[in-house]
Amino acid sequence: MIARAWPRTAGLLIALGVVVAASRAGAECPAGAPTGLFRGTTGGDGAEIVDVTLNLACADGRYVAQVFTSQTDFEAQTATGGPGHVVLKFDARGRFGHADLKLDGDALNGDFQTGMTHGGLTARRVGPARPLDAFTPTLNLTHAQWREDLAAFAAELPKRHANAFFHTPKPAFDAEIAELGKRLDRMNGDEMFVALDRITNAVGDGHTYMEAPADRQLLPIQLQRFGTEVRVTAAAPDLPQALGARVVRIGRVPIAEAFRRALTLTPQDELPELQEGRAIGVLRSGMLLHGLGIIPNRGHAVFTLRTDAGRMITVDLKGQPPGVSAPLTAAAKRSGLADQDPGKPFWCRNLAEQRAVYCAFRGYQTLIRDARDMFALIDEVHPGKLIIDMRDNGGGDNTIGYAALIRPLKARADLNQTGRLYVLVGPLTFSAAMNNAAQFQDETKAILVGQEIGEKPNSYQEPRQSRLPNSHLIVRASSLYYRFREHGPNAVAPNRTILPSWADVKAGRDPALDWALAQPIP
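Within every chain, residues take consecutive numbers counted from 1 along the sequence as written. pLDDT decides what is reported in this predicted model: residues at 70 or higher carry local features, side-chain atom pairs at 80 or more are listed and counted, and totals for whole chains, interfaces and linings draw on all residues regardless. Side-chain measures were taken over the full set of non-hydrogen atoms in the model, leaving aside hydrogen atoms and water.

1. Here's the deal with the overall build of the protein chain
Thought 1: Elements are defined by DSSP. Helices are runs of H or I of four residues or more, strands are runs of E of two residues or more, and each kind is numbered from the N terminus. Of regular secondary structure, the protein chain possesses 11 helices and 26 strands.
Thought 2: Seen along its three principal axes, the alpha-carbon backbone of the protein chain occupies a region of about 70 × 55 × 50 Å.
Thought 3: Taking all 522 residues of the protein chain together, 53% fall into the buried category.
Thought 4: In this description, accessible areas are obtained by the Shrake-Rupley approach with a 1.4 Å probe, and a residue is regarded as covered only by the protein chains that are shown. Of the roughly 21600 Å² of accessible surface on the protein chain, 52% is carried by carbon and sulfur atoms.
Thought 5: By the counting scheme adopted, Arg and Lys are positive, Glu and Asp are negative, and His together with the chain ends is not counted. Working definition for charges: the position is that of NZ of Lys, CZ of Arg, CG of Asp or CD of Glu. The protein chain carries 58 positive and 55 negative side-chain charges, and their two centres are separated by 3 Å. We call a residue buried when its accessible area falls under 20% of the maximum for its residue type, exposed when it is over 50%, and partly exposed in between, using a 1.4 Å probe and counting protein chains only.

Here is the structure:
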């Protein structure tokens, strides 16, 4: 079983997995290469049939292939062609693939493999090539276009989810759709996105949601919740007065009410830890704050703050355009192990004084190689304990995690002992990472340390994607039910719960890691 966080057709929806594959090989379009919009199917994992849309075009002197599937996005390396023939090579999130297709009339057939898909593609030309920005998500629609998108959403989401009404009954879903239809002509694009996202999250599982468009108007601030307080943990360099302050209001809305509204855009059948972790992210998007009715303008938000000295201040935060990420200054010095090498998916350090090896496990992209390096380091230094930090891991392929880490560690008598193997987890340890954390707890002697994971181990996962016809917004829906706990509560709770406090953050402490390092080695 594979649980992936990929966090992502003919008729009303276009099967998704957007990708642009632009040829880097030449400056001119190859003569006779197929062009047009093609739709068809190929095979996926098991008996799955995968929808595929190809947009083959000559644009700006280049041969370009946009690839849309119902699984995920690809980044193509090359697109080349000749008379009646096209060859694509792409990177499907670390799973390299290719396509070798031939045109016969309007039929395009041949080999198509991505690591998730395999076998032959059968597609047919349904029209001329589309402009390269034709499928870019937008919220700037007429009310008539939004009404068409709402009808598509209502029809397709239940079809694509494995069990769309496991949490919210169908009559309640239909009632929400009908109510939105009544209000639609009075709503702007941000409000429409929020309304659709709220209905999607009401399905219940953490893999079913609307993907926000690129222009989210992210505010140059980071927030974290400590109990009932929301504090500024990082901000743009020109906002030093905001660092560490408590949020009192956003616009005219008290923070408690703003947070309550943000919670409606989180999966309603997952645990509070995941809901609260995602809600904090909602509060730094101008688009979402506007759609929730918290601020009047998506481009900026006025935050009212209270410092620890009791002084009230206001800051006017400007939304950042797509692709822009302003550097942020942290409210406290970040010098701990967990803050090092933030761009690496997996890395290890030998902590000789503590006789420990610490490994930050944030992603699965290069895990097979990284795990080999980890075991080589262990065999070289012979640590008394191994600490694997999965608190910031949003998922990937749990079968790789099991094969590369869990199964080998089960066989290590030197480390698979109580007090020698620790796994750090948190609310946003998600998808495959949650699955592997549950397996660590169930199948090894690992001690899980930190906060309860917010996603339920027995839940709907494996999202598949589709696009609405006019806005081209991405709708993700879980396609399979996975069971990673056979007994006990449907949760992955740490063996040792440690909640970070503002005092810890301010002092630069990492209490979960500090506790694991302080435990005696058997």
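2. Notes on the pairing of strand E5 (residues 62-69)
Thought 1: Here E5 lies mainly inside the structure; seven of its eight residues are buried.
Thought 2: At least two DSSP bridges between two strands are needed for those strands to be called paired. As defined by bridge partners, strand E4 (residues 49-59) adjoins E5 across eight bridges and the pair is classed as antiparallel. Among the inter-strand pairings, Leu54 is bridged to a residue of E5, identified as Val67.
Thought 3: Between E4 and the antiparallel strand that follows it, E5, lie two residues; Asp60 among them carries a positive phi value of about 55 degrees.

3. Brief notes about the sheet that holds strand E20 (residues 356-361)
Thought 1: With respect to topology, six strands assemble into an open sheet ordered E19-E20-E21-E22-E23-E26, the strand pairing being mixed. Since the sheet does not close on itself, it has two edges, and those belong to strand E19 (346-351) and strand E26 (496-497), each with one partner.
Thought 2: Relative to strand E22 (residues 421-425), strand E21 (residues 385-389) runs parallel, the two sharing four bridges. Looking across to E22, one finds that Asp389 is bridged to Leu424.
Thought 3: Contacts are assigned to residue pairs that have any heavy atoms within 4.5 Å of one another. Note on method: axes are straight lines fitted to C-alpha atoms, helices fitted across the in-contact stretch only, with angles between N-to-C directions ranging 0 to 180 degrees. Sheet strands touched by helix H7 (residues 367-381): E19, E20 and E21. Its angle to E19, the strand with the most contacts, is close to 10 degrees.
Thought 4: Across the sheet, helix H11 (residues 511-518) touches E19, E20, E21, E22, strand E23 (447-450) and E26, and the angle it forms with E21 is around 165 degrees.

4. Observations concerning the state of the cysteines
Thought 1: The term disulfide is used for any two cysteine sulfur atoms that are within 2.5 Å. One pass over the full model with this rule turns up one disulfide.
Thought 2: Through a disulfide, Cys348 is tied to Cys359; the S-S separation comes to 2.1 Å. Its S-S torsion of about 105 degrees marks the bond between Cys348 and Cys359 as right-handed, since a negative value means left-handed. Taken as a pair, Cys348 in strand E19 and Cys359 in strand E20 lie far apart in primary sequence, 11 residues in all.

5. Side note on the pairing of E19
Thought 1: Where E19 and E20 come together, six bridges link them in antiparallel fashion. Looking at the pairing, Leu351 lines up with Ala356 of E20.
Thought 2: Taken together, E19 and the strand that follows it, E20, pair antiparallel across an intervening segment of four residues, in which Arg355 is found at a positive phi of about 50 degrees.

6. Re the side chain of Thr69
Thought 1: Topologically, Thr69 is positioned in strand E5.
Thought 2: Here Thr69 falls in the buried class, since its relative accessible area comes to 0%.
Thought 3: Here a polar contact is taken to be a pair of N or O atoms separated by no more than 3.5 Å, where protein atoms must pair a possible hydrogen donor with a possible acceptor and residues adjacent in sequence count only if both atoms sit in side chains. Of the polar contacts made by the side chain of Thr69, one reaches the backbone nitrogen of Gln71; its length is 3.0 Å.

7. Structural notes on H11
Thought 1: Every buried residue of H11 is listed here: Pro511, Ala512, Leu513, Ala516 and Leu517.
Thought 2: Buried positions along H11 lie against E19, E20, E21, E22, E23 and helix H10 (502-507).

8. Structural notes on the nonpolar core
Thought 1: In this text, buried Ala, Val, Leu, Ile, Met, Phe, Trp, Tyr and Cys residues form a nonpolar core when linked through side-chain atoms within 4.5 Å. Counting residues in each nonpolar core, the largest one holds 58 residues, and the members touching the most others are Phe153, Leu223, Val247, Ile250, Leu283, Phe303 and Leu305.
Thought 2: At six residues, helix H3 (residues 189-202) tops the list of elements feeding residues into this core.
Thought 3: Those residues in contact with Phe153 that lie beyond four places of it in its chain are Pro158, Phe173, Ile177, Leu196, Ile199, Thr200, Met210, Leu468 and Val475.
Thought 4: In this structure, Phe346, Phe361, Val425 and Ala437 belong to the second largest nonpolar core, which totals 35 residues.

9. Describing the packing of aromatic side chains
Thought 1: Note on aromatic pairs: the rings of Phe, Tyr and Trp (six-membered ring only in Trp) are paired at centre separations within 6.5 Å, and the planes decide the class, stacked below 30 degrees, edge-to-face beyond 60, tilted for the rest. One pass over the full model with this rule turns up 10 aromatic pairs.
Thought 2: Ring centres of Tyr422 and Trp515 lie 6.2 Å apart, and the angle between their planes is 80 degrees; this geometry places the pair in the edge-to-face category. Placement of Tyr422 in strand E22 and of Trp515 in helix H11 is noted, with a sequence separation of 93 residues between them.
Thought 3: With a relative accessible area of 1%, Tyr422 lands in the buried category.
Thought 4: Ring pairs connect the aromatic residues Phe166, Tyr460 and Tyr481, which therefore count as one cluster.
Thought 5: Any Lys NZ or Arg CZ that is within 6 Å of a ring centre and within 35 degrees of that ring's normal is treated as a charge sitting over the ring. Of note, Arg278 hangs over the ring of Tyr209, and the distance from its end group to the ring centre comes to 6.0 Å.
Thought 6: Looking at Arg278, its charged tip hangs above the ring of Phe430, at a distance of 4.9 Å from the centre.

10. A closer look at unusual backbone geometry
Thought 1: One non-glycine residue, Arg355, lies in the positive phi region at around 50 degrees.
Thought 2: Within the secondary structure, Arg355 is located in the loop between E19 and E20.
Thought 3: Relative accessible area serves as the criterion here: at 46%, Arg355 is assigned to the partly exposed category.

11. Here's the deal with the environment of Gly277
Thought 1: Inspection of the secondary structure puts Gly277 in helix H5 (residues 272-282).
Thought 2: Sequence separation of Gly277 and Thr266 is 11 residues, and the distance between their C-alpha atoms is 9.0 Å.

12. What about the environment of Val232?
Thought 1: Structurally, Val232 can be placed in strand E13 (residues 229-235).
Thought 2: Taking the C-alpha atoms as reference, Val232 lies 47 Å from Leu37; in sequence the two are 195 residues apart.
Thought 3: Setting aside residues up to four positions removed in sequence, Val232 forms contacts with Ile221, Gln222, Leu223, Ala242, Leu243, Gly244, Ala245, Val247, Leu305 and Ala331.

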